[in-house]
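Given next are the chains, with one letter for each unit.
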Amino acid sequence: MADAKVIPFDDDRSRGSAAARSTRRRSAASRRSGEPAAVREVQPLPGRFPEQDEVPVTGEDQPPQPDHGLEQRVASGLAFLRRRLTGDYEVDDFGYDEELTDQVLMSVLRPVYENYFRVDVKGIENVPAEGGALIVANHSGTLPLDGLMMQVAVHDHHPAGRHLRLLAADLVFVLPVVNELARKLGHTLACAEDAERLLAAGELVGVMPEGFKGIGKPFSERYKLQRFGRGGFVSTALRKGVPIIPCSIVGAEEIYPMIGNAKTVARLLGFPYFPLTPTFPWLGPLGAIPLPTKWTIQFGEPIPTDGYPPEAADDPMLMFNLTDQVREQIQHTLYKLLVQRRSVFF
């Protein structure tokens, strides 16, 4: 048998043993009377301990409160899905879906805008709070991501939360999926008729007159503006009397440094160019990931057009002068931003 542990005898333990024996006797008496001993011993006497009612309730003792913000977001999301599934939503004549743009498409573009390209916006106060206006910007980057980033800049930074309606090339509207997304985002065909309708409705319209010449130029010609077409955007602004706002974008030129152009492949695919970059097509799909350059978008001072007579829209010399003024202002701002830039990526 194992040796029993010997507990030395003392007066305290003797008193404790006597108290224990007394407790056992009371418990036995309680069992004979039919009442549980625990209830008789721990039941508090009324009025004996008033300080117990004064103990404050701490945050840990409080029951968890429901997250009403989460409930509202879930309810809003379910209501959005219901409207999409039942077709209970509106689009304008151009296919623009404002609700889908605000709640889904902008939410997809915003992380790229804020965390990947880390866009700085300057001069947003030059964009009017209401009424039509024509924003004219440089175009670059091999893929037209600059237009999308300009849309997010206007939507998120303008005090009135305005939407920018971009004029896009024909190619955008013949590509599957891209066509639908462009329409939902508010893009429309780059033609004078559509631009005039939007401006007459008080919309902000964005145009990049360089077109494919801008986004498809080699890396050696970065930040050198190409020809601005025939000045059709100036004629449109003059007809509607809306201001022209020059916009300069720095950072897009370096996302896909175009070092070559596979013209034969471009003709086979029906593209205006087929870019060759240090990563594409050599790295396959990974080569299509843009470089995380640091961007700056600056909106210049508006050039008013409402002071010209109606027949000014047909004056070729005036259109040439205004086109050259807009182009020079954008080019000058590009050079100034490049001088201020310390790094392409930081």
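To start, this report covers the structure provided alongside it. Predicted model, so just to flag it, every value in this text is computed and none were measured.

Calculation notes
Residues numbered from 1 in each chain as written. Predicted model: local features only at pLDDT ≥ 70, side-chain atom pairs only at ≥ 80, totals over all residues. Heavy atoms only, no water. Patch = residues over 30% accessible without salt bridge, like charges linked within 9 Å, V, L, I, M, F, W, Y side chains within 5 Å. Areas by Shrake-Rupley, 256 points an atom, 1.4 Å probe, with all protein chains shown as cover. Salt bridge = Lys/Arg side-chain N within 4 Å of Asp/Glu carboxyl O. Helix = DSSP H or I, 4+ residues; strand = E, 2+ residues; numbered from the N terminus. Pairing = 2+ DSSP bridges. Contact = heavy atoms within 4.5 Å. Axes fitted to C-alpha atoms, helices over the stretch in contact; angles between N-to-C directions. Parallel < 35°, antiparallel > 145°, perpendicular 65-115°, else oblique. Nonpolar A, V, L, I, M, F, W, Y, C, P; charged D, E, K, R; others polar. Core = buried A, V, L, I, M, F, W, Y, C linked by side-chain atoms within 4.5 Å. Buried < 20%, exposed > 50% of the residue type's maximum accessible area, 1.4 Å probe, protein only. Phe/Tyr/Trp six-rings, centres within 6.5 Å; stacked < 30°, edge-to-face > 60°.

1. Considering a nonpolar patch on the surface
Residues Leu 70, Val 74, Leu 78, Leu 81 and Leu 85 make up a contiguous nonpolar surface patch of roughly 520 Å² in combined accessible area. Residue position: Leu 85 is located in helix 3 (residues 68–86).

2. Overview of the sheet that holds strand 2 (residues 133–137)
The strand order across the open sheet formed by seven strands is 1-9-6-2-5-3-4, and the pairing between neighbours is mixed. Each edge of the open sheet carries a strand with a single partner, namely strand 1 (120–122) and strand 4 (188–189). Sheet topology note: the strand 3 (residues 164–168)/strand 5 (residues 204–207) ladder contains three bridges and is parallel. Residue pairing in the sheet places Leu 164 in a bridge with Leu 204 of strand 5. Of the strands in this sheet, strand 1, strand 2, strand 3, strand 5, strand 6 (244–250) and strand 9 (296–299) touch helix 5 (residues 145–157), which is tilted by about 165° from strand 3.

3. As for the packing of helix 4 (residues 98–116) against helix 5
One way to put it is that helix 4 packs onto helix 5 with a least axis distance of 10 Å and a crossing angle of 105°. Between helix 4 and helix 5, the interaxial angle falls into the category roughly perpendicular. Between helix 4 and helix 5, the residues in contact are Asp 102, Met 106, Leu 109, Arg 110, Val 112, Tyr 113 and Glu 114 and Leu 148, Met 149, Gln 151, Val 152, Ala 153, His 155, Asp 156 and His 157, respectively. Split by residue class, the contact of helix 4 with helix 5 holds eight nonpolar, three polar and four charged.

4. Considerations on the nonpolar core
The biggest cluster of nonpolar side chains holds 33 residues, and the ones touching the most others in it are Ile 135, Met 150, Ile 249 and Phe 299. For this core, the secondary-structure elements that each account for two or more residues are helix 4, strand 2, helix 5, strand 3, strand 6 and strand 9. Residue contributions to this core peak at six residues, all from helix 5. Among all residues touching Ile 135, those that are not within four sequence positions of it are Val 127, Met 150, Val 154, Leu 164, Val 205, Gly 206, Val 207, Ile 245, Cys 247 and Phe 299.

5. Some words on the side chain of Ser 140
Relative to the helices and strands, Ser 140 is located in the loop between strand 2 and helix 5. Assessed through its relative accessible area of 1%, Ser 140 is described here as buried. Leaving out residues up to four positions away in the same chain, Ser 140 has contacts with Asp 146, Gly 214, Ile 215, Lys 217, Ala 252 and Glu 253.

6. Focus: the packing of helix 9 (residues 232–240) against helix 11 (residues 316–340)
Between helix 9 and helix 11, the least distance of the axes is 9 Å, while the angle of their chain directions is 110°. Accordingly, the angle class assigned to the pair helix 9 and helix 11 is roughly perpendicular. Contacts between helix 9 and helix 11 pair Phe 233, Val 234, Ser 235 and Leu 238 from the former with Leu 318, Met 319, Leu 322, Thr 323 and Val 326 from the latter. Per-class residue counts for the contact of helix 9 with helix 11 are seven nonpolar, two polar and no charged.

7. Details of the packing of aromatic side chains
Evaluation of the coordinates by the stated rule reveals four aromatic pairs. With 5.2 Å between their ring centres and 75° between their planes, Tyr 116 and Phe 117 make a pair best called edge-to-face. Residue class for Tyr 116 comes out partly exposed when judged on its relative accessible area of 29%. On the basis of relative accessible area, Phe 117 is assigned to the buried category, the value being 1%. Consider the rings of Phe 117 and Trp 295, whose centres lie 4.6 Å apart with planes at 25°: the pair is stacked.

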